[in-house]
Amino acid sequence: MHKDRNRDPAAIYEDLVAVLEARQECPVHVLRGLKDSIWNEPDRTWNKEMHA
């Protein structure tokens, strides 16, 4: 089971923001990866909740 599957989406989002700030990643590239995750992993819900 994926470790984040049962976590609160807001907590996952906060962790993601912290990682992005630390790594200085482009939000557009992260959003693209999130959309790819939604497409490639339709059984997951966290990615759809974060994208909404």
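These numbers come from a predicted model, not from an experiment.

For the protein, the count of helices and strands is 3 helices and 0 strands. The secondary structure elements of the protein, listed N-terminal to C-terminal, are α-α-α. Looking at the protein as a whole, 17% of its 52 residues are labelled buried. When the accessible surface of the protein is totalled, it reaches about 4,200 Å², and 55% of it is carbon and sulfur.

Below, the discussion takes up helix H1 (residues 9-23). Structurally, the α-helix is built with 3.6 residues per turn, so residues lying three or four positions apart point the same way. If you check H1, its first and last C-alpha atoms are 21 Å apart, about what 15 residues at 1.5 Å a residue would give, namely 21 Å. Following H1 by one or two positions, Gln 24 adopts a phi angle in the positive range, close to 55 degrees.

This part takes up the layout of surface pockets. By volume, the second largest pocket is sized at about 190 Å³. Lining the second largest pocket, in full, are Tyr 13, Leu 16, Val 17, Leu 20, Pro 27, Val 30, Leu 31, Leu 34 and Met 50. Looking at the lining of the second largest pocket, the elements with two or more residues in it are H1 and helix H2 (27-40).

Take the side chain of Ser 37 next. Along the chain, Ser 37 falls in helix H2. The residues touching Ser 37, leaving out its near neighbours within four places in the chain, are Trp 46 and Asn 47.

Here we take up the confidence of the model for the protein. Mean pLDDT over the protein stands at 77; residues scoring 70 or higher make up 87%. When mean pLDDT is taken per element in the protein, H2 scores highest with 82 and helix H3 (residues 46-51) scores lowest with 74.

Its 14 residues give H2 an end-to-end C-alpha distance of 20 Å, which sits within 8% of 20 Å, the value for a rise of 1.5 Å per residue. Val 30, Leu 34 and Ser 37 are the residues of H2 that are buried. Within H2, the buried residues cover an arc of 55 degrees as seen down the axis, which keeps them to one side. Relative to its buried face, H2 has exposed residues pointing more than 90 degrees away, namely Val 28, Trp 39 and Asn 40.

Analysis parameters
Residues numbered from 1 in each chain as written. Predicted model: local features only at pLDDT ≥ 70, side-chain atom pairs only at ≥ 80, totals over all residues. Heavy atoms only, no water. Helix = DSSP H or I, 4+ residues; strand = E, 2+ residues; numbered from the N terminus. Buried < 20%, exposed > 50% of the residue type's maximum accessible area, 1.4 Å probe, protein only. Areas by Shrake-Rupley, 256 points an atom, 1.4 Å probe, with all protein chains shown as cover. Expected span 1.5 Å × (residues − 1). 1 Å grid on protein atoms, 1.4 Å probe; cavity = no way out; pocket = protein on both sides within 12 Å on 5 of 7 lines; lining within 4 Å. Points joined across faces, edges and corners; volume = space filled by probe spheres on them. Contact = heavy atoms within 4.5 Å. pLDDT = per-residue confidence, 0-100. Arc of directions from axis to C-beta.

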